[in-house]
Amino acid sequence: SEYCGFLLSHREYFPMGDIPFLVRNIVMYQLTSDEKQILSQAEEILTKVMERNSLYKTELQASESDIVGRYLQNKIGCEEREHFVVLFLDNQNCLIKAETLFSGSISSTSVYPREIIKRALELNAAAMIVGHNHPSGCLEPSFADRNITLQIKEAAKLMGIQLLDHFIVSPNKHLSFSSLGII
């Protein structure tokens, strides 16, 4: 708790993207159960805001991409193993549900486009945003990252579902495939 106060009162020394990393990896063990519950409630509030408001309205806007990137950083950025999350969106690009569909090792996870499409159809999703973490912190998309993105995009297209973006996240950074022109 005293560490939290220090970090927040000295935030000029830490880039804002680094604070979630520091809080989760240094401070989390110092938080009381009430403080942990407050953080969990804050994540729930952010999810509800994303459910009410459209993401990626008509074209990718930097602020919207940043919101999704930071959400994914908070959700999986600090994990020690790779996790693959899908944000299922309705026809207004509002969040229906965010789910971690696959988990793997420290350097990879097996992703099955069929399972993603199956779940999207169950939720009646019109669009999706996918993301996964790189525990190494390196955000460079691998060949496998690019390949699975194309497979998901093609499978989704066949079902009338749009893949809007793919993010790679670490504790303090995120990369959008859309911003790179990959999607």
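See the structure shown above.
Just so it is clear, the structure is predicted and the values come from calculations on it, not from any experiment.

**Section: the packing of helix α5 (residues 113–122) against helix α6 (residues 143–158)**
Move 1: With their axes 9 Å apart at the nearest point, α5 and α6 run at an angle of 40 degrees to one another. Between α5 and α6, the angle falls in the class oblique. Relative to α6, α5 is oriented so that their crossing is right-handed. Each of Pro113, Ile116 and Ile117 in α5 lies in contact with α6, whose residues at this interface are Ile148, Gln151, Ile152, Ala155 and Ala156.
Move 2: Partitioned by chemical class, the residues of the contact of α5 with α6 number seven nonpolar, one polar and no charged.

**Examining the nonpolar core**
Move 1: Core analysis: the largest hydrophobic core is formed by 17 residues, its most contacted members being Phe84, Val86, Phe88, Val111, Ile116, Met128 and Ile152.
Move 2: Counting residues in each nonpolar core, the second largest holds 14 residues, with Tyr71, Leu89, Leu95 and Ile129 among its members.

**Points about α5**
Move 1: Turning to α5, its buried residues are Pro113, Ile116, Ile117 and Ala120. Taken around the axis of α5, the buried residues stretch over an arc of 95 degrees, which confines them to a single face.
Move 2: Taken together, the buried residues of α5 touch β1 (83–89), β2 (95–103), β3 (127–133) and α6.
Move 3: Phi turns positive one or two residues past the end of α5, at Asn124, with a value near 60 degrees.

**Observations concerning unusual backbone geometry**
Move 1: For Asn93, which is not glycine, the phi torsion reads 60 degrees and is therefore positive.
Move 2: Its place among the elements puts Asn93 in the loop between β1 and β2.
Move 3: With relative accessibility at 9%, the residue Asn93 sits in the buried group.
Move 4: Phi is positive for Asn124, close to 60 degrees, though the residue is something other than glycine.

Reading guide: rules and limits
Residues numbered from 1 in each chain as written. Predicted model: local features only at pLDDT ≥ 70, side-chain atom pairs only at ≥ 80, totals over all residues. Heavy atoms only, no water. Axes fitted to C-alpha atoms, helices over the stretch in contact; angles between N-to-C directions. Helix = DSSP H or I, 4+ residues; strand = E, 2+ residues; numbered from the N terminus. Parallel < 35°, antiparallel > 145°, perpendicular 65-115°, else oblique. Left-handed = near helix turned anticlockwise from the far one by under 90°. Contact = heavy atoms within 4.5 Å. Nonpolar A, V, L, I, M, F, W, Y, C, P; charged D, E, K, R; others polar. Core = buried A, V, L, I, M, F, W, Y, C linked by side-chain atoms within 4.5 Å. Buried < 20%, exposed > 50% of the residue type's maximum accessible area, 1.4 Å probe, protein only. Arc of directions from axis to C-beta.

Just distances and angles here, no functional claims.
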